[in-house]
Amino acid sequence: MGRKSSPAEVTITADTAMSTTGDFQFRNTGDKTSCAPAPCWPFGFLLLVACLSARAEEEIIELDEMTITGQAMTETLSAKTLDEAGLATAKETASDTTDLLKDIPGVSLYTGGGVSNLPVVRGLADDRVNVVVNGMNLSSACSNHMNPAMSYIAPSQVGKAVVMAGITPVSQGGDSIGGTITLDPLAPEFASAEQGTVFKNQVSNFFRSVNDNFGASASGDYATENWRVDYSGSWAKAISYLQGEDYSRSKVTGPRVIPTEFESSNANIRVATQQDTGLWSADLSGQHIPYQGFPNQRMDMVRNDALLGGVNYENSFDWGKLDSKVYYHQTWHTMDTLPTRKTAPMPMEAVGQDLGYRMRGHVPLAEQHTLHVGNEFFQQRLDDWWPGNTQNPQDFISINHGERNRMGTFAEWEANWDKEWMSMLGIRNDTLWTDTGDVQGYNDDFINTFWSSQFNSQPHAKTFVNFDVTAMGSFTPN
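One structure accompanies this document, and this report is about it.

Each value, and the rule that gives it
Residues numbered from 1 in each chain as written. Predicted model: local features only at pLDDT ≥ 70, side-chain atom pairs only at ≥ 80, totals over all residues. Heavy atoms only, no water. Helix = DSSP H or I, 4+ residues; strand = E, 2+ residues; numbered from the N terminus. Buried < 20%, exposed > 50% of the residue type's maximum accessible area, 1.4 Å probe, protein only. Contact = heavy atoms within 4.5 Å. Areas by Shrake-Rupley, 256 points an atom, 1.4 Å probe, with all protein chains shown as cover. Pairing = 2+ DSSP bridges. Axes fitted to C-alpha atoms, helices over the stretch in contact; angles between N-to-C directions. Salt bridge = Lys/Arg side-chain N within 4 Å of Asp/Glu carboxyl O. Core = buried A, V, L, I, M, F, W, Y, C linked by side-chain atoms within 4.5 Å. Lys, Arg positive; Asp, Glu negative; His and termini not counted. Polar contact = N/O pair within 3.5 Å; in protein donor to acceptor, adjacent residues only side chain to side chain. Phe/Tyr/Trp six-rings, centres within 6.5 Å; stacked < 30°, edge-to-face > 60°.

1. Looking at the overall build of the protein chain
Turning to step 1, where the next piece is worked out: A tally of regular secondary structure across the protein chain gives three helices and 21 strands.
Turning to step 2, where the next piece is worked out: Every one of the 478 residues in the protein chain was classed for burial, and the buried ones make up 39%.
Turning to step 3, where the next piece is worked out: Here the analysis covers contacts within the protein chain between residues at least 6 apart in sequence; of these, 63% occur between residues at least 24 apart.
Turning to step 4, where the next piece is worked out: For the protein chain, the exposed area adds up to about 27,600 Å²; of that, 57% sits on carbon and sulfur atoms.

2. Focus: the sheet that holds strand β16 (residues 321–336)
Turning to step 1, where the next piece is worked out: Taken in spatial order, the 12 strands line up as β10-β11-β12-β13-β14-β15-β16-β17-β18-β19-β20-β21 in an open sheet, and their pairing is antiparallel. Edge positions in the open sheet fall to β10 (198–208) and β21 (462–475), since each of these has one partner strand only. Taking the axes of each pair of neighbouring strands and ignoring which way they run, one obtains an average angle of 10 degrees across the sheet.

3. Here we look at the pattern of salt bridges
Turning to step 1, where the next piece is worked out: The tally for this structure, following the rule as stated, stands at 12 salt bridges.
Turning to step 2, where the next piece is worked out: A salt bridge links Lys325 to Asp283, with the shortest nitrogen-to-oxygen separation between them at 3.5 Å. Of this pair, Lys325 sits in strand β16 while Asp283 sits in strand β14 (residues 278–292), and the two are 42 residues apart along the sequence.
Turning to step 3, where the next piece is worked out: Overall, the relative accessible area of 8% leaves Asp283 in the buried class.
Turning to step 4, where the next piece is worked out: Measuring nitrogen to oxygen at the nearest pair gives 3.5 Å for the salt bridge that ties Glu403 to Arg381. Taken together, the residues Glu403 in strand β19 (residues 396–416) and Arg381 in strand β18 (residues 369–386) connect sequence positions 22 residues apart.

4. Remarks on the nonpolar core
Turning to step 1, where the next piece is worked out: Ranked by size, the top nonpolar core spans 27 residues in total, and within it Leu101, Ile181 and Leu183 carry the most contacts.
Turning to step 2, where the next piece is worked out: For this core, the elements supplying multiple residues, two or more each, are β6 (129–133), β8 (158–165), β9 (179–185) and β15 (300–316).
Turning to step 3, where the next piece is worked out: Top contributing element to this core by residue count: β8, with four residues.
Turning to step 4, where the next piece is worked out: Those residues within four positions of Ile181 in sequence are excluded, and the remaining contacts are Leu101, Pro119, Val121, Val129, Asn130, Val131, Val132, Val162 and Val163.
Turning to step 5, where the next piece is worked out: Ranked by size, the runner-up nonpolar core spans 12 residues in total, among them Cys142, Met299, Met335 and Met348.

5. Considerations on unusual backbone geometry
Turning to step 1, where the next piece is worked out: Cis geometry marks the peptide bond from Ile258 to Pro259; its omega dihedral reads -15 degrees.
Turning to step 2, where the next piece is worked out: As for its placement among the helices and strands, Pro259 is situated in the loop between β12 (227–238) and β13 (262–275).
Turning to step 3, where the next piece is worked out: Its identity as a non-glycine residue notwithstanding, Asp126 has a phi of 55 degrees, on the positive side.
Turning to step 4, where the next piece is worked out: Looking at the element boundaries, Asp126 is found in the loop between β5 (118–121) and β6.
Turning to step 5, where the next piece is worked out: Its identity is not glycine, yet Asn134 carries a phi of approximately 55 degrees, on the positive side.

6. Notes on the sheet that holds strand β7 (residues 136–137)
Turning to step 1, where the next piece is worked out: Within the open sheet, the five strands sit side by side as β3-β8-β9-β6-β7. Their pairing is mixed. Lying at the two open borders of the sheet, with one neighbouring strand each, are β3 (79–82) and β7.
Turning to step 2, where the next piece is worked out: Inspection of the sheet shows β3 paired to β8 by four bridges, in the antiparallel sense. If you follow Ala79 over to β8, its bridge partner there is Met164.
Turning to step 3, where the next piece is worked out: Docked against the sheet, helix α2 (residues 84–93) engages β3 and β8, running at close to 100 degrees with respect to β8.

7. Overview of the side chain of Asp96
Turning to step 1, where the next piece is worked out: Mapping Asp96 onto the fold places it in the loop between α2 and β4 (107–110).
Turning to step 2, where the next piece is worked out: Although Asp96 is buried, it forms no salt bridge, and the closest oppositely charged side chain is Lys102 at an N-O distance of 10 Å.
Turning to step 3, where the next piece is worked out: In this structure the side chain of Asp96 is engaged in a polar contact, spanning 2.5 Å, whose partner is the side chain of Thr98.
Turning to step 4, where the next piece is worked out: Engagement of the side chain of Asp96 in a polar contact is seen with the backbone nitrogen of Asn117, the distance being 3.3 Å.
Turning to step 5, where the next piece is worked out: For Asp96, the residues in contact, after removing those within four places along its chain, are Gly114, Val115, Ser116, Asn117 and Pro155.

8. Re the environment of Phe475
Turning to step 1, where the next piece is worked out: Along the chain, Phe475 turns up in strand β21.
Turning to step 2, where the next piece is worked out: The partly exposed category is assigned to Phe475, whose relative accessible area is 45%.
Turning to step 3, where the next piece is worked out: Distance from Phe475 to Lys419, taken between C-alpha atoms, is 8.8 Å for residues 56 residues apart in sequence.
Turning to step 4, where the next piece is worked out: Setting aside anything within four residues of it in sequence, one finds Phe475 in contact with Glu420 and Trp421.

9. Quick look at the packing of aromatic side chains
Turning to step 1, where the next piece is worked out: With the rule as written, the count across this model stands at 10 aromatic pairs.
Turning to step 2, where the next piece is worked out: Measuring from centroid to centroid gives 5.3 Å for Phe396 and Tyr442, while their planes differ by 50 degrees, and the two rings are tilted. Here Phe396, found in strand β19, pairs with Tyr442, found in the loop between β20 (421–435) and α3 (446–456); they are 46 residues apart in sequence, far enough to count as distant.
Turning to step 3, where the next piece is worked out: For Phe396, a relative accessible area of 24% corresponds to the partly exposed category.
Turning to step 4, where the next piece is worked out: Here the aromatic residues Trp386, Phe396 and Tyr442 are joined through ring pairs into a cluster of three or more.

10. Topic: the side chain of Asn130
Turning to step 1, where the next piece is worked out: For Asn130, the position within the fold is in strand β6.
Turning to step 2, where the next piece is worked out: Overall, Asn130 belongs to the buried group, its relative accessible area being 9%.
Turning to step 3, where the next piece is worked out: A distance of 3.1 Å separates polar atoms of two side chains, one belonging to Asn130 and the other to Asn137.
Turning to step 4, where the next piece is worked out: Aside from chain neighbours lying at most four places away, what touches Asn130 is Asn137, Gln172, Gly173, Gly174, Ser176, Gly179, Thr180 and Ile181.

Okay, here's the thing in structure tokens:
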């Protein structure tokens, strides 16, 4: 006895616009028709061909011609660039902004605390690598670099990251020998005329069991055709993490590594507007880290509060493009031993300030040649002292109103000869002025006064004039 075939109905739709496309839907409709599937297929195919031929002749829709213009972004020589798409996967698992760079050749990370990993570019780190965050040169107020520049921007806020190992183009900044790392936030996006207004928000969180690490972040933005306001914030907290398994002692997990606990929070707000006068944006960020343990140091960070912000301006003119920024950064930093160490207190205080501006012009000389010129100023101020106690009546003053000023001017010629060959030639001058006040020890005994008097008797103000000439070329076969 043969098996009864289920009836089927064939529904065919076809749309054409410039070229012919088709959609086919086959669905079971029960017993409303006696047509079996196998005999219906040839009929359906013939019907489809007839429909497509008739509609292709009658309903071809000619779309209006659209011209899209834009500026091609050229890669900086000897640089590795990660755009928003390249960073998307890394952001999902990154607990520290430096994690975004860990897969770049030549870059490694060494871990101190849970928040403040430090990048190493071809074996050079700390002040030997110039780190620029949102167009700002941010210095670490801590002598142990417990608050490096990359700790002031959360991974979710990064829209573009560029790592230049070794030679850095003069237009990207001087004052470094190991290379340059630049982190830029997501560019402001405005609503189209059809959209009117756009409002978006996003919330995420995570948990890691190895150290009971909780974290959360939130962001939101409101945009019109000419204005935009966006906000982002993040928070994370963890206890000291567990050591690995120790099978020799029949332990599933080892004791906790003391001290590796931390807590941190970051917040940022930005207002941007695009007018006939150009694109203006102002941003303000704050950081609060009440504690962060450092098992590889004799001290921990028990406070780091920071406030930073700036104003950006960009515009295009007949002669080329201009971009500029003015910024300020203030840090209040304290080191001591966390209670989990169960050792004597050892407080150290530091207050740091960064102030600067940057102005760059990009002038097309010809179709293949561009001249980059600019001027920038950066000032760093630092006070570092160790509070006295009953045994040491005086504050140990290590840096007394220290100041470092740098004025830089550059010119750079960039040439894109063809699709394969590119060259860059630049010259830069950086003039530095440094100064500081007198220092003192915990008391006026012989040991303290001997060393402090040696320094205090010398002139403190110094001037340095540096020149940087770079010539680079690259060949990209495909």
